[in-house]
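Structure at a glance
Okay, here's what each chain looks like letter by letter:
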Amino acid sequence: MKTMHLAVAGASGQLGSLVVNELIQLRASRPDMVLTAITRAPERHAAWQEQGIGVRFGDFDQPQGLAAAFHGVERLLLISTNTIDGTGRRLEQHRHAIEAARQAGVGHIVYTSFLQPEEGKRSLLNDDHRATEALLKESGIGYTILRNAFYQDLLLVVLGTAAVDGQLRTAMGQGHVSYVAREDCAHAAAVALSDGYLGSRILDITGPAALDAQALAAIAAQVFGRSVKVVPLDAEERVRHFIAGGMPAPMAQMLAGIERWLATDAMHIVSDDYGALTGRQASSAQAFLQALPPA
């Protein structure tokens, strides 16, 4: 039986770990799959090795060893790094990984990108992704680009203390967001990595609905069992609110900047690509909130 060697780069992260677990489940009915997890901390994954998964060291900041880490891999999941600092380091990390994949003879790369608005609406969040997508297109390697929406985890920050004081404070204005479950993104990545697709494709992975602040308040009210009112703030007010709640200033400024960018409605995107890829329906923001343990 011809095998298909799949690898997850960035396997130790939250998304990467979920993808590896998804692939383990898929492998139960796919004996042709050979799985490798590539991580900066292979010593943490003895349990994967016991399940027959190869675990290799790989660090995008150490490009000299990456081609060896990718040796023999046919299809590679390249999970975007979390180096979001505006220095260009994340793009260099991605460049190192793509070049190493080319040197190693990888036939297809699945890349976790971010929903891309029109060219005129740039942001710190998507500039590196846009540039990485260009590198993939120039590499000559077949690719699947998964443009993921914001994770539903961010709702915990967006809603803040709404469950306590009934106020949803936000600088997102009239903007909309199609929040997606991290688990759905992991499943989409596992399917895209294992489905044998040979060409090049770009898929938008979103939740089932684009929600504005009023819709979020209505969902929160239903889940929390109390009235929730939207309190519009400008970006500066939002920064002060975050800091007052104990958030470090750099994080407060970044999140307030994201909300100000959302106010342009750049993220008003809903796609059925997830369903077409996986045969499943993406889970809703309401389901995510209802599944949270009681405060």
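First, a word on scope: everything that follows refers to the structure included in this document. All values derive from a computational prediction rather than experimental measurement.

**Focus: the packing of aromatic side chains**
Applying the stated criterion across every chain, the model contains two aromatic pairs. Ring centres of Phe114 and Phe150 lie 5.2 Å apart, and the angle between their planes is 75 degrees; on these two criteria the pair is classed as edge-to-face. Of this pair, Phe114 sits in strand 5 (residues 108-114) while Phe150 sits in the loop between strand 6 (142-148) and helix 6 (155-159), and the two are 36 residues apart along the sequence. Taking the relative accessible area as the measure of exposure, Phe150 reaches 8% and is therefore buried. These aromatic residues form a ring-pair network of at least three members: Phe114, Phe150 and Trp261.

**Regarding empty space enclosed by the protein**
Summed over all chains, the structure comprises two cavities of 30 Å³ or more. Of the voids in this model, the largest cavity is the one considered here, and its volume is about 60 Å³. Contributing to the lining of the largest cavity are Leu154, Val157, Val158, Tyr179, Phe242, Leu255, Ile258, Glu259 and Leu262. Among the secondary structure elements, those contributing two or more residues to the lining of the largest cavity are helix 6 and helix 11 (249-262). A per-element tally of the lining of the largest cavity places helix 11 first, with four residues. Of the residues assigned to the lining of the largest cavity, the class counts are eight nonpolar, no polar and one charged. Leu6, Ala7, Val8, Val20, Leu23, Leu35, Thr36, Ala37 and Ile53 together form the lining of the second largest cavity. Its residues placed into classes, the lining of the second largest cavity shows eight nonpolar, one polar and no charged.

Parameters at a glance
Here, residues in each chain are numbered from 1, in the same order as that chain's written sequence. Local features in this predicted model are restricted to residues whose pLDDT is 70 or higher, and side-chain atom pairs enter the listing and the counts only when it is 80 or higher, whereas totals over whole chains, interfaces and linings include all residues. Think of the side-chain values as coming from all heavy atoms in the structure, minus any hydrogens and water. Aromatic rings from Phe, Tyr and Trp, taking only the six-membered ring of Trp, are treated as a pair when their centres fall within 6.5 Å; an angle between ring planes under 30 degrees marks them as stacked, one over 60 as edge-to-face, and anything in between as tilted. Segments assigned H or I by DSSP are reported as helices when at least four residues long, segments assigned E as strands when at least two residues long, and all are numbered from the N terminus. Remark: exposure states derive from per-residue accessible area (1.4 Å probe, protein chains only) relative to the maximum for the residue type, with buried under 20%, exposed over 50%, and partly exposed in between. In this analysis, the protein atoms alone were mapped onto a 1 Å grid. Cavities are point sets where a 1.4 Å probe fits without being able to get out; pockets are open sets with protein on both sides within 12 Å along at least five of seven lines; lining residues have an atom within 4 Å of a point. Grid points are joined across faces, edges and corners, and a volume is the space filled by probe spheres set on the points. Gly is put with the polar residues, along with every residue not named as nonpolar or charged; the nonpolar set is Ala, Val, Leu, Ile, Met, Phe, Trp, Tyr, Cys and Pro, and the charged set is Asp, Glu, Lys and Arg.

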